[in-house]
Amino acid sequence: MRTPVSYLGRRLSPYVRVAMVVVLSALAVFTAVRIHSWNTFGERSRVMTLVNPWNPVSETGYTAKLTEVEDGYQMDRVCADALRRMLTDCRAAGRNALIADAYRSVDDQLVLHDAEVQRLVDGGMTPEAAEWQVSKVIAAAGRSEHEMGLAVDIVDADNPVTDETQAETPTSQWLRENAWRYGFILRYPPDAEEITGYSWHPWHYRYVGEDAAGNIQALGITLEEYLSLFYSDEAQVVYDKG
Ligand SMILES: [Zn+2]
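Residues numbered from 1 in each chain as written. Predicted model: local features only at pLDDT ≥ 70, side-chain atom pairs only at ≥ 80, totals over all residues. Heavy atoms only, no water.

**Re the coordination of the zinc ion**
Reference geometry at the metal: tetrahedral coordination by four donors gives ideal angles of 109.5 degrees; octahedral coordination by six donors gives 90 or 180 degrees.
Argument step 1. Protein coordination at the zinc ion: the donors are H146 (NE2), D153 (OD) and H204 (ND1), at 2.0 to 2.1 Å from the metal.
Argument step 2. When the donors of the zinc ion are listed by position in the chain, the intervening gaps give H-x6-D-x50-H.
Argument step 3. The exposure class assigned to D153 is buried, which follows from its relative accessible area of 5%. (Donors = N, O, S within 2.8 Å, 3.2 Å for Na, K, Ca; no water. Buried < 20%, exposed > 50% of the residue type's maximum accessible area, 1.4 Å probe, protein only.)

Okay, here's the thing in structure tokens:
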């Protein structure tokens, strides 16, 4: 004879039982992912440091430990090998991958930002309008991930420009499919400007480690959203300043 499934002495309908199984399964998966995440990173890993228009590098305490990757371009030691492997495999797959920029000092960032503002002003724009337009594309000095040595701009040598046409290149397509395997994410995806602070940058990749990159790719979310899901302190920072 079957034992009826009951709760507080009452028999439960099949619908309630199915609902309970679904809820408990979802809870188990959520808990497993969370525990896996904590086990992997312990305290929030250094490579998960959030820098965006509302979180300057100076507030993170992050100091880049630099090493050259190629052609004089430097990255933090924590991700230099991963970037070398990614470029090697991308080129082995027949793509013409080229580093357009990697680590930048605060001064490099200032020069880059101000030169672009000046270019627009020279073209007839008011300084305020130029500042606003540039802010969507180029970080202000002190607020760029490039200053941590965790971000790299990669273009296709056959179309070596940092604009949206980069997305059509074979290099960009290979990176969008494979970068996560090396711990890199497409940091500024399309239609996420409200969250990341920047328009679509199909050339800008950020190192976050393989576990986080795999999760972010699978979930199709931004670094800001990933941090707010798994690290409540960081979520506070995002929402307070955003
Ligand atoms: Zn970049």
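Let's pick the thread back up.
**Focus: the sheet that holds strand 6 (residues 151-156)**
Argument step 1. On the basis of which strands lie adjacent, the open sheet formed by four strands has the order 5-6-8-7 and antiparallel pairing. Two strands close off the open sheet at either side, each with one partner strand: strand 5 (97-101) and strand 7 (184-186). Each neighbouring strand pair of the sheet contributes to a mean axis angle of 40 degrees, computed without reference to strand direction.
Argument step 2. As judged from the four bridges shared by strand 5 and strand 6, these two strands associate in the antiparallel manner. Paired with I99 across the bridge in strand 6 is I154. (Pairing = 2+ DSSP bridges. Helix = DSSP H or I, 4+ residues; strand = E, 2+ residues; numbered from the N terminus. Axes fitted to C-alpha atoms, helices over the stretch in contact; angles between N-to-C directions.)

**Quick look at the side chain of S144**
Argument step 1. By the element assignment, S144 lies in the loop between helix 4 (127-135) and strand 6.
Argument step 2. Of note is the side chain of S144, whose polar atom sits 3.0 Å from the backbone nitrogen of H146.
Argument step 3. Apart from the residues lying within four places of it in its own chain, the contact partners of S144 are V51, V57, R104, Q109 and A139. (Polar contact = N/O pair within 3.5 Å; in protein donor to acceptor, adjacent residues only side chain to side chain. Contact = heavy atoms within 4.5 Å.)

**Remarks on the side chain of D156**
Argument step 1. Mapped onto the fold, D156 is located in strand 6.
Argument step 2. Here D156 is buried and forms no salt bridge, its nearest opposite-charge partner R95 lying at an N-O distance of 6.8 Å.
Argument step 3. One polar contact links the side chain of D156 to the main-chain amide nitrogen of D158, over a distance of 2.9 Å.
Argument step 4. Within the structure, the side chain of D156 is placed 2.8 Å from the side chain of T171, a separation counted as a polar contact.
Argument step 5. Not counting the four nearest positions on each side in its chain, D156 is found in contact with N96, Q166, T169, P170 and T171. (Lys, Arg positive; Asp, Glu negative; His and termini not counted. Salt bridge = Lys/Arg side-chain N within 4 Å of Asp/Glu carboxyl O.)

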